[in-house]
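Residue-level listing of the chains:
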Amino acid sequence: MKYLLLSLLFTLSAWAQTPETKGKVIYQYKKYEKFDMGNLDLNGELIVPGEVSVRERERFKINMDLFERKKTNDFKTSDAQSLE
Amino acid sequence: MRYLTLILLSLLSTEVFAKKMYEKLEGKRYYFSALNIFFKEVSVRNVTEDDVEVLDRLLQHTGIEVLDGYETEVLAKYPTGSTQFVLARRALKEKKFSRSLELIKQISKSHHFYPEAMFLKGQVYGEQKDINKEYQAYGECYNAAIKRVKQKGYVHYFKVLSEICLSDRARTKYDAGKLKDAVNEYSKIPKNSYKWPYLLLERAWAYYRLGDYNRALGLIVTYKSPLLDTYFFPEAEYLASLIYYKLCLFKDSSAIIQHYYKFYRPRYVQLEKVLRENKNSNTFFYNLMFRPEKQKAHGEFVKQIVVRLKKESRFNFGMTSILRVNHEMKLIKKNEKTTTQNLLMPHLKEVNKNMYQRLNGLVKVEIFNFLKTVSFFSSELYKIDLEILSKSKDLIYENKKFISDRSRGDLGNVKRSPSEYFWTFEKAFWADELGDYSFALKSNCQTIERTKAKK
């Protein structure tokens, strides 16, 4: 049984390492392409150069809870300590 | 000589001579020495009414700081106004409010510490959240202090105390949310008072919470006056930036934030280095206070902080005590024989050392607290910066913009009560105008649609 298991394992690992045999792959560099931008015809609104255009939407708002002085305890304490 | 000292010491232990001794010392104005001998002598017998009187008299010359090292049980033996005051203060710190009030009640109206005892009463009621009684106690403190303000040798003490009590009355109103009352109370503090520059910031907060942003900005700008160049508060910069943010004047708000980082960051590093390198020294900060050449070595900023600290009452009290001890030591050295010197000097040296260390510690703590404030408001300003960024993005995504890029002032925006003066700013600060400035800005928060350019 032990030998049977071992031989099964070896066989499986041997299959795993065998590369898939396909047709020969030929690698080629991309050929030079030329675009004439002036001749391109695009549909849509023309926006002034430099104008930021975004899709209008409501963003999730985070409230930072900015410090606003509600109490003056620290001032009171500081003055009291100044007399000690 | 040794025998003579021994005889003198043995004589000191006998009641009659010891009493004569501290009375003699008091007569020669050796108050610190007299106090020491007094405690040594009275501790072994019952306290009489005369003892209580003597102790009170001595403490008026030495100050009550010297009692810091004495245990509560020891002090409780002497029912004087001074010791009752010290014990009431300790009880307050230990949160024993009823005990503190009980001790305060025992202090007579004519006693030197009565005004400060009323101040203490206000603090106790403050802790108990009894606003009406707190306000009333500060009023009693003010009235009692102002009556004594011409008392020789205590002019500064009673003046500062009266100003603090008046300030705390305003603060009580502020804390209770009665902001108009608070503003009225703050305005009762005269411009030539010691507390006035500090209270500009608090008044600015009161105006801010009342929604009068222009008046708040006007108060903050007062700190830019050359007369107040040693009064710089990170919180004032923060409040100005916050107000500009609330008025949607983001560029102005950002400019303050940038200035804050540019101004405080290098100075923070410098000050933090001074603190770190000398944190264990018992003399460095004291010397920094009183030796200008040391201040210069650490730059203008350290010097300005030190100048401001020196104006605080506790340093004045501390310095006065040190000068008195030094004076007593000089007199003893000059006038007394070696045996008496040997008897009195060790205690005086000890008192002197303790006082130096106390002042040194106070400066250290003040610098530490200042650094903490700089760092706290640095992070709060960072939050404003993020809010500005977020709001600016919101505008872009909503395809909107503020009504004006930069809103400028208009006299129509100035709110003014009949008691508030009005001058236009002519590119110069005038002493009598300080604290009466108001900006005239209009809120820029109204938004309009961005126009799209079409083909």
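A short tour of the structure in this document, coming up.

Section: the pattern of salt bridges
Logical step 1: For the coordinates displayed, the defined rule picks out 27 salt bridges over all chains.
Logical step 2: Between K76 of chain A and E134 of chain B there is a salt bridge, with the nearest N and O atoms lying 2.8 Å from each other. One end of the pair, K76 of chain A, is in helix 2 (residues 73–83); the other, E134 of chain B, is in helix 9 (residues 131–147), on a second chain.
Logical step 3: Taking relative accessible area as the criterion, K76 of chain A reaches 12% and is therefore assigned buried.
Logical step 4: In this structure, R57 of chain B engages E26 of chain B in a salt bridge whose closest nitrogen and oxygen atoms are separated by 2.7 Å. Here R57 of chain B, found in helix 4 (residues 49–62), pairs with E26 of chain B, found in helix 2 (residues 15–27); they are 31 residues apart in sequence, far enough to count as distant.
Logical step 5: Exposure remark for R57 of chain B: the relative accessible area of 38% places this residue in the partly exposed category.

Observations regarding the state of the cysteines
Residue and element names in this part refer to chain B.
Logical step 1: If you walk through the whole model with that rule in mind, you get one disulfide over all chains.
Logical step 2: The partner cysteine of C141 in its disulfide is C165, sulfur to sulfur 1.8 Å. Linking C141 and C165, the disulfide has an S-S dihedral of approximately 55° and is accordingly described as right-handed. Linking C141 in helix 9 with C165 in helix 10 (residues 155–175), this pair joins segments that are 24 residues apart in sequence.

Things to note about the environment of K159 of chain B
Residues and elements named next belong to chain B.
Logical step 1: Relative to the assigned elements, K159 resides in helix 10.
Logical step 2: Overall, the relative accessible area of 34% leaves K159 in the partly exposed class.
Logical step 3: For the pair formed by K159 and M118, sequence separation is 41 residues and the distance between their alpha carbons is 15 Å.
Logical step 4: Among residues more than four places away in sequence, those in contact with K159 are V149, N192 and S193.

Some points on the interface of chain A and chain B
Logical step 1: Taken together, the contact pairs 33 residues of chain A with 48 residues of chain B.
Logical step 2: In this assembly, chain A packs against chain B so that about 3800 Å² is buried in total across both faces, 52% of it on carbon and sulfur atoms.
Logical step 3: At the boundary of chain A and chain B, one finds six salt bridges.
Logical step 4: For D175 of chain B, the salt bridge identified is with K76 of chain A, shortest N-O distance 3.2 Å.
Logical step 5: Remark: the boundary between chain A and chain B carries twelve residue pairs in polar contact (both at pLDDT 80 or more).
Logical step 6: Residues belonging to the side of chain A that touches chain B are distributed by class as follows: twelve nonpolar, six polar and 15 charged.

Looking at the nonpolar core
In globular proteins that are soluble, nonpolar side chains generally tend to be buried together.
Logical step 1: One finds F38, F119, L161, L239, L242 and I384 of chain B to be the most contacted residues of the largest nonpolar core, which totals 140 residues.
Logical step 2: No other element matches the 18 residues that helix 20 (residues 338–397) of chain B contributes to this core.
Logical step 3: Filtering out sequence-adjacent residues up to four positions away, L161 of chain B remains in contact with L83 of chain A together with P115, E116, F119, C141 and A145 of chain B.

As for the environment of Y245 of chain B
Logical step 1: Inspection of the secondary structure assignment puts Y245 of chain B in helix 14 (residues 234–246).
Logical step 2: Note: C-alpha distance between Y245 of chain B and V365 of chain B (120 residues apart in sequence) is 33 Å.
Logical step 3: Residues in contact with Y245 of chain B, not counting those within four places in the same chain, are L66 of chain A together with F250, S253, I384, E387, I388 and K391 of chain B.
Logical step 4: Within the local environment of Y245 of chain B, its side chain forms a polar contact with the side chain of E387 of chain B, the two groups lying 2.9 Å apart.

What counts as what
- One numbering rule holds for all chains: residues counted from 1, following each sequence as written.
- The naming scheme follows written order: chains are lettered A onward, ligands numbered 1 onward.
- Totals for whole chains, interfaces and linings use all residues, but because this is a predicted model, local features are given only for residues with pLDDT of at least 70 and pairs of side-chain atoms are given and counted only at 80 or more.
- In computing side-chain values, all of the structure's heavy atoms are included and hydrogens and water are not.
- When a carboxyl oxygen of Asp or Glu is within 4 Å of a side-chain nitrogen of Lys or Arg, the pair counts as a salt bridge.
- The numbering of helices and of strands both runs from the N terminus, where a helix is a DSSP run of H or I of at least 4 residues and a strand a run of E of at least 2.
- Each residue gets one of three labels from its accessible area relative to the maximum for its type: buried under 20%, exposed over 50%, partly exposed in between, using a 1.4 Å probe on protein chains only.
- Throughout, disulfides are identified as pairs of cysteine sulfur atoms within 2.5 Å of each other.
- Whether two residues touch is decided by their heavy atoms; if any such pair falls within 4.5 Å, the residues are in contact.
- Accessible-area loss on putting two parts together, using a 1.4 Å probe and summing over both, is the definition of buried area adopted here.
- Between N or O atoms, a polar contact is any pair within 3.5 Å; within protein, one atom must be a potential hydrogen donor and the other a potential acceptor, and residues adjacent in sequence are included only when both atoms are from side chains.
- Residue type decides the class: Asp, Glu, Lys and Arg count as charged, Ala, Val, Leu, Ile, Met, Phe, Trp, Tyr, Cys and Pro as nonpolar, and the leftover types, Gly among them, as polar.
- We define a nonpolar core as any set of buried Ala, Val, Leu, Ile, Met, Phe, Trp, Tyr and Cys residues linked to one another through side-chain atoms lying within 4.5 Å.

Fair warning: the whole summary comes from geometry, so function is off the table for now.
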